[in-house]
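Structural characterization, general
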Amino acid sequence: MIKIMVATDFSERSDRALRRATLLARQSGASLELIHVVDDDQPHQIVEAECKEAEILLHQLAATLLEIDGIPCTSRVMLAAPFLGILQAVDDSVPDLLVIGPHRKQLLRDVFIGTTAERTIRLVACPTLMSNAVPAGTYRRVLLTTDLSAGSRDALRRFSGLGIGKRAHKSLLYVFDAPALDLAFSHTIPQGDQQQYLAEKQKEASQRLAEFLASLKQGTLESMVRYEATDTAGEIIKTAREEQADLLVLSTRGSRGAEKKYIGSVTEYVLGTSSIDVLAIPPLHSEQND
């Protein structure tokens with residue numbers, strides 16, 4: 001990586017993002033750019049005061065990063081709605097990675113829809129790392145996920161290019177479906193036949209994943225297949241917990257061209273519920289416009 005951008009609102013949540021970005025920059029030799037967005041839909045005096053205060057705080061953070069960590073750092077204050085300011089900053093600077101803090105946990109999971117974090121990840125062109133956990137060092141166990149699509153293949157290649165978790169143990173998870181077991185009359189299928197059917201579907205999923213891995217032509221990845229007993233997102237979260245992963249890697253589901261107006265429901269759920277860091281990787285522009 002050459003440049004890492006960190007979006008901060010100077011909260012404790014943002015401190016996690018800054019610390020994780022600092023660790024990644026020290027590991028890769030990347031520079032940092034700090035951005036803070038001031039909502040311009042306020043009285044002029046308030047906007048002006050917030051901009052001045054933000055510039056002082058950003059300057060202090062940049063000076064500390066250079067003095068303590070030896071990391072060159074620039075900073076910018078953007079005037080816009082929060083997620084629009086982040087998008088503009090990304091478009092202007094074209095960072096290799098955007099790091100943000102976790103969204104505010106709420107009682108209802110679906111309130112995550114429409115937040116700054118979700119909107120940013122849905123629309124930004126670069127990989128985005130949501131730093132949920134308190135950074136304690138480099139990543140040790142990384143769980144990558146795939147649906148065997150071309151977009152997923154592209155995301156995994158982009159992840160490799162970022163150089164994150166070089167020394168970590170990496171697993172690639174594919175969650176497969178067994179349609180006959182989802183049908184309303186599945187209870188009429190004898191238990192032995194259900195088990196045989198599931199074993200056949202698992203074998204088929206393993207073969208498909210092996211072919212997918214061969215097409216990646218990358219380093220050694222431990223392959224894992226799991227049956228979608230409830231839903232894909234839930235199975236991903238469960239597997240990450242069982243594997244004691246400290247980073248989840250997902251590809252955002254990109255439709256073609258202008259149809260890419262939403263983040264995939266699986267990615268959305270994982271981002272809203274995961275207690276570990278989540279890296280969301282969008283397809284390249286060339287794939288979006290195919």
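Residues numbered from 1 in each chain as written. Predicted model: local features only at pLDDT ≥ 70, side-chain atom pairs only at ≥ 80, totals over all residues. Heavy atoms only, no water.

**Overview of the sheet that holds strand S3 (residues 73-79)**
One key point about sheets: their strands pair by backbone hydrogen bonds, in either a parallel or an antiparallel sense. Strand order in the open sheet made by the 10 strands is S3-S2-S1-S4-S5-S10-S9-S6-S7-S8, with mixed pairing throughout. Edge strands, defined here as strands with exactly one partner in the open sheet, are S3 and strand S8 (222-227). Neighbour-to-neighbour, the strand axes of this sheet turn through a mean angle of 25 degrees, independent of strand direction. Across 3 bridges, strand S1 (residues 3-7) lies against strand S4 (residues 97-100) in parallel orientation. The residue of S4 that forms the bridge with Met5 is Leu98. In the packing of helix H5 (residues 150-162) onto the sheet, contacts are made with strand S6 (141-146), strand S7 (169-176), strand S9 (247-251) and strand S10 (277-281), and the angle to S6 comes to roughly 155 degrees. (Pairing = 2+ DSSP bridges. Helix = DSSP H or I, 4+ residues; strand = E, 2+ residues; numbered from the N terminus. Axes fitted to C-alpha atoms, helices over the stretch in contact; angles between N-to-C directions. Contact = heavy atoms within 4.5 Å.)

**As for empty space enclosed by the protein**
Summed over the entire model, instances satisfying the criterion amount to 1 cavity of 30 Å³ or more. Approximately 40 Å³ is the volume found for the largest cavity. In this structure, the largest cavity is lined by Arg141, Val142, Leu143, His169, Ser171, Glu243 and Ala245. The set of elements that each furnish at least two residues to the lining of the largest cavity consists of S6 and S7. When residues in the lining of the largest cavity are grouped by element, the largest group, 3 residues, is from S6. Here the residues of the lining of the largest cavity sort into 3 nonpolar, 2 polar and 2 charged. (1 Å grid on protein atoms, 1.4 Å probe; cavity = no way out; pocket = protein on both sides within 12 Å on 5 of 7 lines; lining within 4 Å. Points joined across faces, edges and corners; volume = space filled by probe spheres on them. Nonpolar A, V, L, I, M, F, W, Y, C, P; charged D, E, K, R; others polar.)

On their own, these measurements won't tell you what the molecule is for.
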